[in-house]
Structure formats: C-alpha cells, structure tokens
Amino acid sequence: MTEKDKQIQQGQEAESILSNEVMVNAFNVILNQGYQDWVSTKPEDKEVRETLYHSQLAALKLKQVLINTMENGKILEEERKGGK
C-alpha cells in the first residue's frame, strides 16, 4: 500500500467516524455539557472555567483533525480519479 493509498484509507475511516451517530452524539454531549458547565460557574471559579475551556478545545481539535484527514483523503482520491 502506497502512502497515498494509506492517506485515502485514513480519510475514509475519518469520514466514517465523523458520520457515526454515536460519535456525533458524543461530540454534541461533550460540547453542550461543557458549555452548560461553563455558564454555570461562579465568577471566582477561574480554574474551573480554564479547565472547561481546555476540555472544549481538545474536543474541537480532535474533530478538526478528523475533518482534515477526511478532506485530505478526498482530495487524494479525486486526484487519483483524474489520473494525476
């Protein structure tokens, strides 16, 4: 398997993960609960808000890595179909 084949396969796997209902629900729960927890903090709970911020950021970064992997795989797949 070439590196391009591997990246295409990873892109397909990332798309599968992103479209998986359980994963979509998990992302939604994490992001929604994190937001709810954040808005319910007291003004003096700076450390709690920072922890929640970093948790939210980690979930968003994970999702973005999966999106980038999927998009890169699709680009390589299109290149292959076009004979490039």
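The structure we're discussing is the one just above.
Throughout what follows, the structure given in this document is the object of discussion. Please read all numbers here as calculations on a predicted model, not as lab measurements.

Criteria and thresholds
Residues numbered from 1 in each chain as written. Predicted model: local features only at pLDDT ≥ 70, side-chain atom pairs only at ≥ 80, totals over all residues. Heavy atoms only, no water. Helix = DSSP H or I, 4+ residues; strand = E, 2+ residues; numbered from the N terminus. Rg over C-alpha atoms; globule rule 2.2 N^0.38 Å. Buried < 20%, exposed > 50% of the residue type's maximum accessible area, 1.4 Å probe, protein only. Contact = heavy atoms within 4.5 Å. Areas by Shrake-Rupley, 256 points an atom, 1.4 Å probe, with all protein chains shown as cover. Core = buried A, V, L, I, M, F, W, Y, C linked by side-chain atoms within 4.5 Å.

**Quick notes on the overall build of the chain**
Within the chain, the regular secondary structure consists of three helices and zero strands. Beginning at the N terminus, the succession of helices and strands in the chain can be written as α-α-α. The C-alpha atoms of the chain give a radius of gyration of 18 Å, which is well past the 12 Å a tight globule of 84 residues would have. Along the longest, intermediate and shortest principal axes, the C-alpha atoms of the chain span 60 × 20 × 20 Å. Counting every position in the chain, which comprises 84 residues, the buried fraction comes to 17%. Put simply, 72% of the contacts in the chain that link residues at least 6 apart link residues at least 24 apart. When the accessible surface of the chain is totalled, it reaches about 6,400 Å², and 55% of it is carbon and sulfur.

**So, the nonpolar core**
Counting residues in hydrophobic clusters, the biggest one holds five residues: A14, L18, F27, L66 and M70. Looking at this core, the elements that each hand over two or more residues are helix 1 (3–19) and helix 3 (46–81). Leave out the neighbours within four places in its chain, and F27 touches A59, L62, K63 and L66.

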